[in-house]
Amino acid sequence: MKMNLKELGIMTFPEASERWNKERSYVVQQLADNPHKFLEGSIDRIGKGKGTQIITRAGMEHLTGITEKEANEGLWLVRHEINWIVDFEKRVDSEIEARKLITSLAAEELNENNKTFNFEELDTKKKKSILKLRGNSIYTYEKSAK
């Protein structure tokens, strides 16, 4: 029998915590404080010594009570500014959606459909990036609180 590990959605504890919009130590803290909350068979440790702790997608959904999509709903804020005045704001569910929206809006603004855009990262921690167009037209996106 062939098993597809991608279907299990296996991730490290810190990765899972961040993907569910929690602090990096969230899953570790939950395991220490509330081990009974974990779905049986959804966590393990791989490697030698301390190893790496992993959890399945189903395990995270059980632990948090929500899906990854629900945890990130509307967390990404896309803005357009012209001459330092915000004239467009929209919340989306992922960084990929934010980039796609900005790419589409910028292509429309420049009247160039097949253009490749290069985003500049402004703040790694906040996951904030910018796309500067001609004049004072800029697009930004960032992960923010709802």
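Engineer: I tried to follow helix H4 (residues 57–64) on my own but got confused; where do I start?
Structural biologist: Along an α-helix, residues three or four apart share an orientation, since each turn contains 3.6 residues. Along H4, the positions that sit buried rather than exposed are Gly59, Met60 and Leu63. Seen along its axis, H4 keeps its buried residues to an arc of 95°; they face one direction. Against helix H2 (13–19), helix H3 (26–33) and strand S3 (52–55) lie the buried residues of H4. One or two residues past the end of H4 sits Gly65, with phi positive at roughly 80°.

Engineer: Help me out: how do you make sense of the pattern of salt bridges in this one?
Structural biologist: Pairing of side chains with opposite charge becomes possible as their charged atoms draw close. Within the structure shown, the criterion is met by nine salt bridges. For the salt bridge of Asp93 with Lys69, the shortest nitrogen-to-oxygen distance reads 3.0 Å. Of the two residues, Asp93 is situated in the loop between strand S5 (85–92) and helix H6 (95–110) and Lys69 in helix H5 (residues 68–71); the sequence distance between them amounts to 24 residues. With a shortest N-O distance of 3.7 Å, Glu142 and Lys128 are connected by a salt bridge. Taken together, the positions of Glu142 in strand S8 (residues 137–143) and Lys128 in strand S7 (residues 128–132) put the pair 14 residues apart, joining distant regions of the chain. Under the relative-accessibility criterion, Glu142 is labelled buried at 13%. Lys128 gets classed as partly exposed once you look at its relative accessible area, which sits at 24%. Ionic contacts of the salt-bridge type, sharing partners, join the residues Arg79, Glu89, Lys128 and Glu142 into one network.

Engineer: Would you mind showing me how to read the sheet that holds S3 here?
Structural biologist: Strand pairing in a sheet relies on backbone hydrogen bonds. The paired strands run either parallel or antiparallel. Spatially, S1-S3-S2 is the arrangement adopted by the three strands of the open sheet, whose pairing is antiparallel. The open sheet terminates on both sides in strands that have one partner only, identified here as strand S1 (11–12) and strand S2 (43–46). Of the strand pairs in this sheet, S2 and S3 are connected by four bridges, and their pairing is antiparallel. Across the sheet, the residue bridging to Arg45 is Gln53, located in S3.

Engineer: So what exactly am I meant to see when it comes to unusual backbone geometry here?
Structural biologist: Of note in this structure, Asn21 is not a glycine but carries a positive phi near 60°. For Asn21, the position within the fold is in the loop between H2 and H3. Asn21 gets classed as partly exposed once you look at its relative accessible area, which sits at 35%.

Engineer: Explain the side chain of Ser17 to me, please; I cannot follow it from the model alone.
Structural biologist: Mapping Ser17 onto the fold places it in helix H2. There is a polar contact of 3.3 Å between the side chain of Ser17 and the backbone oxygen of Arg24. Not counting the four nearest positions on each side in its chain, Ser17 is found in contact with Lys22, Glu23, Arg24, Ser25, Tyr26, Val27 and Met60.

Engineer: Just to check I follow, could you spell out the sheet that holds S5 for this structure?
Structural biologist: Read from one edge of the open sheet, five strands run S5-S4-S8-S7-S6, paired in antiparallel fashion. At either margin of the open sheet sits one strand with a lone partner, and together these are S5 and strand S6 (120–123). Geometrically, the sheet is characterised by an average inter-axis angle of 25° between neighbouring strands, direction not taken into account. The pairing of strand S4 (residues 76–82) with S8 spans seven bridges and is antiparallel. Across the sheet, residue Leu77 finds its bridge partner in S8, namely Glu142. Seen against the sheet, H6 touches S4, S5, S7 and S8 and runs at an angle of roughly 170° to S8.

Cut-offs and rules
Residues numbered from 1 in each chain as written. Predicted model: local features only at pLDDT ≥ 70, side-chain atom pairs only at ≥ 80, totals over all residues. Heavy atoms only, no water. Buried < 20%, exposed > 50% of the residue type's maximum accessible area, 1.4 Å probe, protein only. Helix = DSSP H or I, 4+ residues; strand = E, 2+ residues; numbered from the N terminus. Arc of directions from axis to C-beta. Contact = heavy atoms within 4.5 Å. Salt bridge = Lys/Arg side-chain N within 4 Å of Asp/Glu carboxyl O. Pairing = 2+ DSSP bridges. Polar contact = N/O pair within 3.5 Å; in protein donor to acceptor, adjacent residues only side chain to side chain. Axes fitted to C-alpha atoms, helices over the stretch in contact; angles between N-to-C directions.

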